[in-house]
Amino acid sequence: MNKINKILIISVLACCFMLNLVLADNTDCWLLVNETYKHKNWEDDWFEKVNQVWETDSPDAKFSNFLTVDQQKLILTKADLNTAMLNLKKYCCENNKWWLSMNLKTCDDDLASFNPNAMDSEYLFDHIFDVMMRRLAWLTGDKNIYENSKMTEVDDKWKERRDFITDKAEDLSWSDVQSIIDEYQKYWVKSKPNLWYDITEEVNRTFGPNNDQDFLRFIVWDNWMSWDKNGKVAEAMKNYDKWTLYDRYSNVCAMSKYFYALLNYSNSDNSDRWRFVDRLANWTCERVVQSQIENENQYVQTVVQNSANLLMENYIEWYLQYLYDRSNKLKDIWRSAEDRWMDVIRAVPYLLKACVR
């Protein structure tokens, strides 16, 4: 009997120990315990959580179907969200979080899709933010868009703007400084306070104090949120195609919160993890975005300055060439005049002789 009691006590203690370990794990790895990216009998790879909520107009996708599928894809594609989930799974598998490990089939099946340059973070929010910033070319170059997964697209406004500024930066004539300034105004007009596309304040106000369900209901402008009368966030998201590049940068933290709640939706109250993510977004995320905006501005200023310098140099070279040509022409006229004058002088004696006769 004592032996049985000891076994029971040990079993209970072991269970309690394991439960404490699980409860102490405030990571987002629990989202991926039963989620697989690779599907042997399907051409496409996906996570079911992403399929259920994005690039779909299903009535069940109640917190995203206020946007059309085309509107959803313009903000972020399903491949982008899958990449964020995949990068989180890589971290969880490699660091043995929530019973995930590289020895398990679910991790081994997705191993070939893991991106080697994925960031190390146990929070899905970080990976969503990372993906959104890579689309906005936070890091530029051929290897900075994740390629093992299917995320290969950059933001359309960023690409349009960068193609223009790159052409100007590589143009040896540097003859049109004003066009660079005009394009800068087109893409980098600040939304505060005149435009209504800045949703950061509204999102920050509701993300922290509310659980994920209340937050998402606010985003889609559920009418029970009577203190918000205009549905600003939902309307702004519907008009994402009109956002300037500045709007897209300045709202990326708020949009990351939305996607985090959308994929993390559990009908549960706030947790330590939820509050930590809120602090992370409000402190680190917004500083990174502001730093990137300043870097982009500095790059444009450098291009404009170089353009102005080269334009002035080209103008001076042209003017000097103009003066040189005028000087040579004047010399030719003076030389021709001298020659004519000498002809006259030489002809005078002969004319005098002719007159004397």
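Up top you'll find the structure we're talking about.
Owing to the predicted nature of the structure, the values given are computational and were not obtained by experimental measurement.

Student: So what exactly am I meant to see when it comes to the nonpolar core here?
Tutor: As a rule of thumb, nonpolar side chains are buried together in soluble globular proteins. Ranked by size, the top nonpolar core spans 74 residues in total, and within it Trp54, Leu124, Ile219, Met237, Tyr258 and Phe259 carry the most contacts. Counting residues in each nonpolar core, the second largest holds 5 residues, with Ile165, Ile180, Val300 and Val303 among its members.

Student: Is there a simple way to explain the packing of helix α9 (residues 200-207) against helix α13 (residues 252-263) in this structure?
Tutor: A pair of packed helices is characterised by two quantities: the angle between their axes and the separation of those axes. Two elements in contact, α9 and α13, have axes separated by 9 Å at closest approach and are oriented at 40 degrees. By the angle class used here, α9 and α13 are oblique. Crossing geometry of α9 relative to α13 is assigned as left-handed. Residue-level inspection shows Thr200, Val203, Asn204 and Phe207 of α9 in contact with α13, the latter providing Ala254, Lys257 and Tyr260. Its residues assigned to classes, the contact of α9 with α13 comprises 4 nonpolar, 2 polar and 1 charged.

Student: Whenever I open this one, the packing of aromatic side chains confuses me. Can you help?
Tutor: For any pair of aromatic rings, geometry is given as the distance between the ring centres together with the angle between the planes. Under the criterion given, the structure shown has 9 aromatic pairs. Arranged with centres 6.4 Å apart and planes meeting at 40 degrees, the rings of Tyr197 and Trp243 form a pair that is tilted. Of this pair, Tyr197 sits in the loop between α8 (177-188) and α9 while Trp243 is found in the loop between α11 (232-238) and α12 (245-250), placing the two residues 46 residues apart along the sequence. Grouping residues by exposure puts Tyr197 and Trp243 together as buried. The interplanar angle of 50 degrees and the centroid separation of 4.6 Å between the aromatic rings of Tyr240 and Trp243 together place this pair among those described as tilted. As far as burial versus exposure is concerned, Tyr240 and Trp243 are alike and both buried.

About the criteria used
Residues numbered from 1 in each chain as written. Predicted model: local features only at pLDDT ≥ 70, side-chain atom pairs only at ≥ 80, totals over all residues. Heavy atoms only, no water. Core = buried A, V, L, I, M, F, W, Y, C linked by side-chain atoms within 4.5 Å. Buried < 20%, exposed > 50% of the residue type's maximum accessible area, 1.4 Å probe, protein only. Axes fitted to C-alpha atoms, helices over the stretch in contact; angles between N-to-C directions. Helix = DSSP H or I, 4+ residues; strand = E, 2+ residues; numbered from the N terminus. Parallel < 35°, antiparallel > 145°, perpendicular 65-115°, else oblique. Left-handed = near helix turned anticlockwise from the far one by under 90°. Contact = heavy atoms within 4.5 Å. Nonpolar A, V, L, I, M, F, W, Y, C, P; charged D, E, K, R; others polar. Phe/Tyr/Trp six-rings, centres within 6.5 Å; stacked < 30°, edge-to-face > 60°.

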